[in-house]
2 protein chains.
Amino acid sequence: MYTVKEIAKLLDMSEHTVRYYTDMGLVPSLKRDKNGNRLFDEQSKNWLIGIKNLRGSGMSIQAVKEYVNLCLQGESTLKIRYEIILEQKKKLEEQLKEMNERYKYIEHKVNWYLDIMNHRIPDNSNPGTWSTSGSESQVESYASLGSVGHEAL
Amino acid sequence: MYTVKEIAKLLDMSEHTVRYYTDMGLVPSLKRDKNGNRLFDEQSKNWLIGIKNLRGSGMSIQAVKEYVNLCLQGESTLKIRYEIILEQKKKLEEQLKEMNERYKYIEHKVNWYLDIMNHRIPDNSNPGTWSTSGSESQVESYASLGSVGHEAL
DNA sequence: TACTTGACTTAGAGTTACTCGAATGGAATA
DNA sequence: TATTCCATTCGAGTAACTCTAAGTCAAGTA
């Protein structure tokens, strides 16, 4: 049995959020002690883990709640729940793809700064080199080196 | 030169968001036509791409704004900007790690549903098998198959 | 020429998911 | 008993959209 504080620390989320989720009815197995304090057993912990993962993959609170309710309705909802999870998997794959794009962008930036600070490539690093969507180094070289002035930006 | 609608489509963001970002002053190079309509040139497009990537890696609007302002101040701010970007890279790496965890969780779920629906493993799939933090299949087998009843959840 | 359509504008309200703070109250310790 | 420590609820605040209303402007059509 965990208190709010303990479960929050264990699952690395804020106590506020834990209370919020329980208040939203996302943890059907939640228990209380005689003073009304929330108590999480293994089941409640597992619900919270699931909620955290579904939220983190982009599901809204409302959607999570609906999923939880489907779970409580038993095996008649298996197929629809499977489809929900499958859909979520697809979204997650999409997000991972975007994340990787972002990572490449940031990596590119880091290298750009390193080059500049080492006095290599002091300005025009051939505009249009960044991926398919145009180079931000074009902007950067302009913005950061101020060769033209702020008005023209 | 792109209109709001065009740039929004091109960068896959809502027109609302594009306007919101420009209103927040995140695109210093923004132009307007004689009627006050926003016009995005390559520079503005590149700013937007940068903003999108920084936001997507967890930077707040305010933080992005501060970064943009640092850019406009020229090369005297190179070092601090480099540190900001480096910090953002670290955050992204953290996010990617979490994403992968989530993906494993969802994959596990998908397989769990497939197993159940194929009438393999109809109920107790050995509680405690999910990663280090306990098995949600424990909850699921309980919740979805309703062998005990909803009250006990 | 008048009318309609459509894309754009601003201002402001609404939404989601937290996030915080104040007021309250039981339980353990000095 | 007083203080401290948790935990509680409730309501307000915040960030980042998201949407709606009301209005402007230019182009196309009857």
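Quick notes on the rules
Residues numbered from 1 in each chain as written. Chains lettered and ligands numbered in written order. Predicted model: local features only at pLDDT ≥ 70, side-chain atom pairs only at ≥ 80, totals over all residues. Heavy atoms only, no water. Helix = DSSP H or I, 4+ residues; strand = E, 2+ residues; numbered from the N terminus. Expected span 1.5 Å × (residues − 1). Near = heavy atom within 4 Å. Polar contact = N/O pair within 3.5 Å; in protein donor to acceptor, adjacent residues only side chain to side chain. Nonpolar A, V, L, I, M, F, W, Y, C, P; charged D, E, K, R; others polar. Core = buried A, V, L, I, M, F, W, Y, C linked by side-chain atoms within 4.5 Å. Buried < 20%, exposed > 50% of the residue type's maximum accessible area, 1.4 Å probe, protein only. Contact = heavy atoms within 4.5 Å.

In the annotation of an unreviewed UniProt entry, the entry for chain A reads DNA-binding transcriptional MerR regulator, and the organism field reads Fonticella tunisiensis.

> Would you explain helix H5 (residues 78-117) of chain B in this entry?
Side chains of residues three or four places apart in an α-helix project in the same direction, reflecting 3.6 residues per turn. Across its 40 residues, H5 of chain B extends 57 Å between first and last C-alpha, which sits within 8% of the 58 Å expected from 1.5 Å per residue. Taken from the residues just after H5 of chain B, His-119 of chain B is the one with a positive phi, measuring 65°.

> Help me out: how do you make sense of the protein's contact with DNA strand C in this one?
Lining the immediate surroundings of DNA strand C are 17 residues, of which His-16, Tyr-21 and Arg-55 of chain A together with Arg-19 and Arg-38 of chain B lie closest. Taken together, the sugar and phosphate atoms account for 82% of what DNA strand C places within 4 Å of the protein. Contact between DNA strand C and Arg-38 of chain B: a phosphate oxygen at 2.5 Å from a side-chain N or O atom of the residue. Of all elements in the fold, only helix H2 (15-23) of chain A together with helix H1 (4-11) and helix H2 (15-23) of chain B reach the threshold of two or more residues within the surface near DNA strand C.

> Hey, could you run me through the protein's contact with DNA strand D in this one?
Not every one of the 16 residues close to DNA strand D is listed here, only the nearest: Arg-19 and Arg-38 of chain A together with His-16, Tyr-21 and Arg-55 of chain B. Within 4 Å of the protein, the contacting atoms of DNA strand D are drawn from sugar and phosphate to the extent of 78%. Backbone polar atom of Arg-38 of chain A to a phosphate oxygen of DNA strand D: 2.6 Å apart, as the coordinates give it. Within the backbone of Ile-61 of chain B, an N or O atom sits 3.1 Å from a phosphate oxygen of DNA strand D. Every element with two or more residues in the surface near DNA strand D is listed here: helix H1 (4-11) of chain A together with H2 of chain B. By residue class, the composition of the surface near DNA strand D is four nonpolar, seven polar and five charged.

> Looking at this structure, how should I read the nonpolar core?
Grouped burial of nonpolar side chains is what soluble globular proteins tend to show. In this structure, Leu-48 of chain A together with Leu-48 of chain B are the most contacted members of the largest nonpolar core, which totals 74 residues. Residues within four places of Leu-48 of chain B in sequence aside, it is in contact with Ile-7, Leu-11, Met-13, Val-18, Tyr-21, Val-27 and Phe-40 of chain B.

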